[in-house]
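Chains, contacts and geometry: an overview
The lines below spell out each chain.
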There are 4 protein chains.
Amino acid sequence: MADNLAAAEAQLLAERSAAVLFERDRASQMLGMGITAIRPGFAQVSMTVREDMLNGHGVCHGGLLFALADSAFAFACNSHNEATVAAAAAIDFLRPAQPGEQLTAEAREVWRTSRNGIYEIVIFNPHGEKVALFRGRSYRIEGPVLPP
Amino acid sequence: MADNLAAAEAQLLAERSAAVLFERDRASQMLGMGITAIRPGFAQVSMTVREDMLNGHGVCHGGLLFALADSAFAFACNSHNEATVAAAAAIDFLRPAQPGEQLTAEAREVWRTSRNGIYEIVIFNPHGEKVALFRGRSYRIEGPVLPP
Amino acid sequence: MADNLAAAEAQLLAERSAAVLFERDRASQMLGMGITAIRPGFAQVSMTVREDMLNGHGVCHGGLLFALADSAFAFACNSHNEATVAAAAAIDFLRPAQPGEQLTAEAREVWRTSRNGIYEIVIFNPHGEKVALFRGRSYRIEGPVLPP
Amino acid sequence: MADNLAAAEAQLLAERSAAVLFERDRASQMLGMGITAIRPGFAQVSMTVREDMLNGHGVCHGGLLFALADSAFAFACNSHNEATVAAAAAIDFLRPAQPGEQLTAEAREVWRTSRNGIYEIVIFNPHGEKVALFRGRSYRIEGPVLPP
């Protein structure tokens, strides 16, 4: 019972933190992202590859794939209502993303201390194929995500 | 004399490859980037942090910093008129970039074989401070950058 | 039935490739490593932290943690009897490993093409805690692992 | 004059910190490493590739290349007499190192705050060719390197 309450509270914090953060996140909005799932330490974010997201080779610019993964990372690592930012990240590009494809990034917390965390993000295309693998290192800054 | 001709030819290829690639690169254009210098194995690209590039913490979204570095990387690694794409990259975020700041990314080739290359990119803010460090691994695909 | 044969053949190749590679691998032997499980695309390797593996802070030297993960990576990416080497790797150190601890590295293939692969390796301590996360990029060189 | 004194003091701290750390560093000793230069934020470390350092492909095990770079990183990031450890690192392997070759790793500080630092390390072979590129992220723990 206490556990259920704690879990419900954690879920509520995750949802409210993500909502507040997304509302302020002009870049994710500009890129047409949407949060499709959120839980403590987990976020799923989608983005459709637009014509103005293509690079010189006619596929999605690697920076915008990174941005999608980075946003999922941000929503996951801020899901505990502790203001958290990215320190570093690495990405492997596995296959190109084509114009018109709806991509989905899933971010999972794999390790967290009071100051640092590590998150793994996978971007999938509509066929369920992996487009990119991303690993991010976060650190806490001062204060909560939610206004008091 | 032969060396001078070869160098002038290499410089011309770098300039033409970058121009052709940038013209097709809708994403870099959408983000307001401009190529400010290009040489064989080197590119300098600028981008001003717009309001619609801010994340939920009010500073430039990490994905768009990455995109700036990634574009500089692309122009540098395609400067030999051999079509080349990113295999992987890692970024360290050193300090936030503020709205209105004009950022400059400088990409340098540090190693290249017939198939693979490694490039280091530094993003500077207008005060000359390092904003991010990026290291990218490229690999060649078929064909030249320039149309025959 | 055909599937069972193919799987048995793949498993046999994995075991023989690992055995041949390990026998030639003086470094892994010098560090006291042992292969504790091998399957196509998977390897588990153990190593006990000796006194001569400690760094100046009295815990296992990060390079030797990396070496353990790197060996597991090598056995996993050579498990298809195609000679394969590491192109790049990244490691996150999560907690120190103490003298006397037996560490276990598990390597899993997460992506593979005819030329390149990506593997994730986790190092655990005897308490089942994660000590380090490692991601490696492999590429094929000429020839098989096994002698003809 | 004050500047000269401060620089001499910083140099002395770097030398003494490296000496104390190296004396305790059983792993670097076991691998035959030697510090060949040390300055505030800089270290140069050498290691000769022994027969017992070879991997299954007959060249220096990637983990021992990493260990060499990691030791240079450690001496550089502890050169300010502030106890510092590695949080994460990434390495690109550019060419194999052959048995008998004396390798040299040079570590340079590229960024440092009160808590974190970033260091770039290059490993050279005796022909001056780059063998590997390494980038490490450090963080300070409690206390100085030197005993009080």
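None of these values were measured; they are calculated from a predicted model.

What counts, and at which threshold
- Residues numbered from 1 in each chain as written.
- Chains lettered and ligands numbered in written order.
- Predicted model: local features only at pLDDT ≥ 70, side-chain atom pairs only at ≥ 80, totals over all residues.
- Least-squares fit on C-alpha atoms with pLDDT ≥ 70 in both.
- Contact = placed C-beta atoms within 7 Å.
- Pairing = 2+ DSSP bridges.
- Helix = DSSP H or I, 4+ residues; strand = E, 2+ residues; numbered from the N terminus.
- Expected span 1.5 Å × (residues − 1).
- Buried ≥ 20, exposed ≤ 12 C-beta atoms within 10 Å, placed from the backbone.
- Axes fitted to C-alpha atoms, helices over the stretch in contact; angles between N-to-C directions.

Thoughts on the relation of the copies chain A and chain B
One copy of the chain maps onto the second through a rotation about an axis and a displacement along it. After a rotation of 180° and a shift along the axis of 0.0 Å, chain A superposes on chain B with an RMSD of 0.0 Å. When the rotation and shift are considered jointly, the pair of chain copies conforms to a two-fold rotation axis. Residues of chain A ranked by C-alpha distance from the rotation axis are headed by Ala 90 of chain A, positioned 2.0 Å from it. An overlap of 100% is found between the interface residues of chain A and their copies at the interface of chain B, pointing to a shared contact surface.

Examining the pairing of strand β1 (residues 34-39) of chain C
Residue and element names in this part refer to chain C. Where β1 lies against strand β2 (residues 42-48), five bridges are found, and the strand directions are antiparallel. The partner of Ile 35 across the bridge, within β2, is Val 45. Where β1 folds back on β2, the antiparallel hairpin that results is connected by two residues, among which Gly 41 adopts a positive phi of roughly 80°.

Focus on helix α1 (residues 2-24) of chain D
All names here are of chain D. For α1, built from 23 residues, the straight-helix expectation of 33 Å at 1.5 Å per residue is met to within 8% by its first-to-last C-alpha distance of 33 Å. Where α1 is concerned, the buried positions are Ala 14, Ser 17, Ala 18, Leu 21 and Phe 22. Contacts made by the buried residues of α1 are with α2 (26-30), β1 (34-39), β2 (42-48) and α3 (62-77).

Considerations on the sheet that holds strand β1 (residues 34-39) of chain B
The strand order β1(A)-β2(A)-β4(A)-β5(A)-β6(A)-β3(A)-β3(B)-β6(B)-β5(B)-β4(B)-β2(B)-β1(B) describes an open sheet built from twelve strands, whose pairing is antiparallel. The sheet terminates laterally at β1 (34-39) of chain A together with β1 of chain B, the two strands that pair on one side only. Within the sheet, the average angular offset between the axes of one strand and its neighbour, ignoring direction, is 20°. In the sheet, strand β3 (residues 84-93) of chain A pairs with strand β3 (residues 84-93) of chain B via five bridges, with the strands oriented antiparallel. Bridging across to β3 of chain B, Ala 90 of chain A finds its partner in Ala 90 of chain B.

Comments concerning the interface of chain A and chain B
Facing 32 residues of chain A, the contacting portion of chain B comprises 32 residues. Sorting the residues of the side of chain A that touches chain B by element identifies α1 (2-24), α2 (26-30), α3 (62-77) and β3 of chain A as the ones contributing at least two each. In terms of residue count, β3 of chain A provides more of the side of chain A that touches chain B than any other element does, nine residues in total.

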